[in-house]
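# Remarks on the overall topology
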Amino acid sequence: MTRSFLGWPAFPEAAEREVGNEQLRENVRRATRTIRGKRAVLAAERPDWEQLRDSAAAIKDQVLAGLEQYLLQVEEKVTAAGGTVHWARDAAEANRIVTDLVLATGEREIVKVKSMLTEEIGLDAALEAAGINARETDLAAAIVQLGDDLPSHVVVPALHRNRSEIRDIFAREMGRHGRPAPEGLTDDPAELAEAARLHLREKFLGARVAVSGANFVVAETGTLVVVESEGNGRMCLTLADTLISVVGIEKTVPTWADLEVFLQLLARNATGERMAPYTSTWTGTTHGDGPRDFHLVLVDNGRTRALADPVGRQALRCIRCGACMNTCPVYERTGGHAYGSVYPGPIGAILNPLLKGLDDEQTASLPYASTLCGACNEVCPVRIRFTDVLLDLRAQVADGGKHPVERAALGAVGATMARPLLWKAAVKGAGLVGPLLPARTPVPGWSDNRALPDVPKESFRTWWKRNEGERA
Amino acid sequence: MTAAAREEILRRIRAAAVPPAPEPPRHYLRHAPGVPDEDRPAVLALFAERLEEYGAEVLRADRPGPAVARALAEHGARSLVVPDGLPAEWTADWDGEVRTDRPPLGKAGLDATDAVLTGCAAAVADSGTLVLDGGPAQGRRAATLLPDLHVCVVRAEQVRSALPGALARLDPARPLTFVSGPSATADIEMIRVKGVHGPRRLAVVLLD
């Protein structure tokens, strides 16, 4: 059975459960600190870092403004290069297209390159229901799959697991799916990577169908780009006879030269490397080299919904580097599962509501999974203003009646602030009542872990008048 | 079905009515910081430094034969696959078994070969990157993937200071592989482990 986030509790409830897991908190804290440190060093190495970010954000905005034209260009170029382009409105449609393509090859076991979109649409489960066994080949994705677990990070899906947990999963599960882990496997990371190499090598050599995502699709040339570290991507993209790439429509970039911006930003920001060990690009099929059949499935699944949101559409610039979650104080404490989605952290807090809408309680809770500290704004390579989008989504939640108390409270504050006399009276009243309030005003949920700050005896305006008066 | 989906997605995009975006600025560097392309010794020194930083071995030489033989011997390679048309001079100083990839060796044959020797299409000093495009002396992608040692011969003039200079010289119609150091992972506690599925060892012969 493939697990999913279906029916996941809202963020506060899920987060409460996760922060109780000390092992998890320790694993996430250690991993995010390590990546943050490496990223900071390599971003500082570039004196033109801010200029690269400016360009990346502007190129992505150009894509969003001309998306129809760029997608038609992708379709034309990929087709001309021998590929077949499919379009899918939603997850079910994308899963059906991929399942039919795999069934037509007659293969029942396929290999996959890690892809967040295929996680988002639940492709592995859909294939399983059709009798197709899709094996994940990225080390972290394989750890998640073998452990019947869920991803908790967009770059390092098994970031919540430490080495001894991974050792146990490998020792227990590898034999059930192919070559077993070596006898006496220890928790040394090099030994664990070697076990994965041996387990997966027979899958690569035997697989005739591979499924991938893509980091970028170049409209001008119809070229797909996959960035990876281990070589599992190269194996899948090169050794299979049939390659099916499932790609979100927002992954487009206009020109080949635009890659010079994104490829210089991505690895630096994601893993603290100048370039990831392997970047593969391909345009359709090439005679005598790699797959004979190439299918590109372009997927909407809520992206046009996000595109229609004037504030939120900037979330579609995202290149899935994961820096926002690595730097987020909320993510560091809750880990990724609390967000109930394959997209956790700050990007998850905005992207999930934008893709899915705010109709269910779980999704509507996500814009509140933030302290609005803005650390994510600072590290984002495409300059997504997370805090702007979070606030706008909170307003949409309140307007939609999901938070009636917040709406009423903010309404009252707004009305009072619009009337100076009323405001003055309210502030003065607060100063008088302040000392009478208990340190922990009983508001269920809110005051469990929070003390009320002291209310000043006088307002700033009064203090200013008094002090300026003395000086004059 | 896919035609209806296509129309529907394009209609939704139009309905989103995204306003036009300004032309993107391009004020970033086109070379590695402090290393312009014209400063050839600095470009080559940076290339070697970055390769070594990521665990690749660099052999600077004035002709390929002896350096290739040394790299293969150091790693104990006994069999070598080479793309069809590789200059014979490159393997002239080595006495191990050379398997030419014509007719193409099967996956199992490649997997059972110790090393692969190729040239490249371009290289990037800033990130220590080699780019293969399947052109002369490079062969198909599978051949540089399955053997555990990759020896790559780079001519000095192929090395650009930074990525923009290299991308401009590459043909996107060809299947390209950018290699920046040997295969690696940091998926276990963010500890870098060299060598997962791709070649675990990378040796670069840099011809000055």
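In this numbering scheme, every chain counts its residues from 1 along its sequence in written order. Chain labels run from A onward and ligand labels from 1 onward, assigned in the order the entries are written. Note on the predicted model: pLDDT of at least 70 is required for a residue's local features to be given, and 80 or more for side-chain atom pairs to be given and counted; whole-chain, interface and lining totals, by contrast, use all residues.

### Some remarks on the overall build of chain B
Spelled out, the test is: Numbered from the N terminus, helices here are DSSP runs of H or I no shorter than four residues, and strands are runs of E no shorter than two. Three classes are used. A residue is buried when 20 or more other C-beta atoms lie within 10 Å of its own, exposed when 12 or fewer do, and partly exposed in between, with C-beta atoms placed from the backbone. Contact between residues is assigned whenever the C-beta positions, reconstructed from backbone atoms, fall within 7 Å.
Assigned secondary structure in chain B consists of 5 helices and 12 strands. With respect to the three principal axes, the spread of C-alpha positions in chain B is 65 × 50 × 40 Å. Expressed as a percentage of the 208 residues in chain B, the buried residues total 51%. Considering only contacts in chain B between residues 6 or more positions apart, those separated by 24 or more positions represent 70%.

### Some points on the interface of chain A and chain B
Filter applied, for reference: Here a strand pair is declared whenever DSSP counts at least two bridges between the two strands.
Listed as interface residues are 77 residues of chain A and, on the opposing side, 61 residues of chain B. Sort the elements by how many residues they give to the side of chain A that touches chain B and helix α3 (residues 49-65) of chain A lands first, with 10 residues. In this sheet, strand β9 (residues 176-180) of chain B lies alongside strand β9 (residues 278-283) of chain A in antiparallel orientation, the contact comprising 4 bridges. By the bridge assignment, Tyr278(A) is partnered in β9(B) with Val179(B).

### Points about the UniProt feature "domain: LUD" (unreviewed entry) in chain B
To be explicit about the condition: UniProt positions are given in the numbering used here, feature names are shortened, and annotations may be inferred rather than shown by experiment.
Per the UniProt record, "domain: LUD" (unreviewed entry) is found at residues 111-207 of chain B. End C-alpha atoms of residues 111-207 of chain B are separated by 28 Å, and the span's content is 6% helix alongside 37% strand.

### Some remarks on unusual backbone geometry
Following Arg102(B), the chain continues into Pro103(B) via a peptide bond in cis, with omega recorded as -5°. Secondary-structure assignment places Pro103(B) in the loop between β3 (97-100) and α4 (107-111). Despite not being glycine, Leu372(A) shows a phi value in the positive range, around 60°. Positionally, Leu372(A) belongs in the loop between α17 (361-365) and α18 (375-379).

### Let's talk about the nonpolar core
This is how it is decided: Nonpolar cores are identified as sets of buried Ala, Val, Leu, Ile, Met, Phe, Trp, Tyr and Cys residues joined via C-beta atoms within 7 Å.
Among the nonpolar cores identified, the biggest contains 203 residues, and Ala210(A), Val297(A) and Val204(B) are the most heavily contacted of them. The leading source of residues in this core is helix α12 (residues 259-270) of chain A, at 8 residues. With residues near it in sequence (within four places) discarded, Ala210(A) still touches Ile110(A), Val111(A), Val113(A), Cys236(A), Leu237(A), Ala240(A) and Leu243(A).

### Describing the sheet that holds strand β8 (residues 159-160) of chain B
Strand order across the open sheet formed by 8 strands is β8(A)-β5(A)-β6(A)-β9(A)-β9(B)-β6(B)-β5(B)-β8(B), with mixed pairing between neighbours. Taken across any chain shown, the strands that pair with only one partner, and hence form the sheet edges, are β8 (252-253) of chain A together with β8 of chain B. In the sheet, strand β5 (residues 216-218) of chain A pairs with strand β6 (residues 223-228) of chain A via 3 bridges, with the strands oriented antiparallel. Paired with Val217(A) across the two strands is Leu224(A), which belongs to β6(A).

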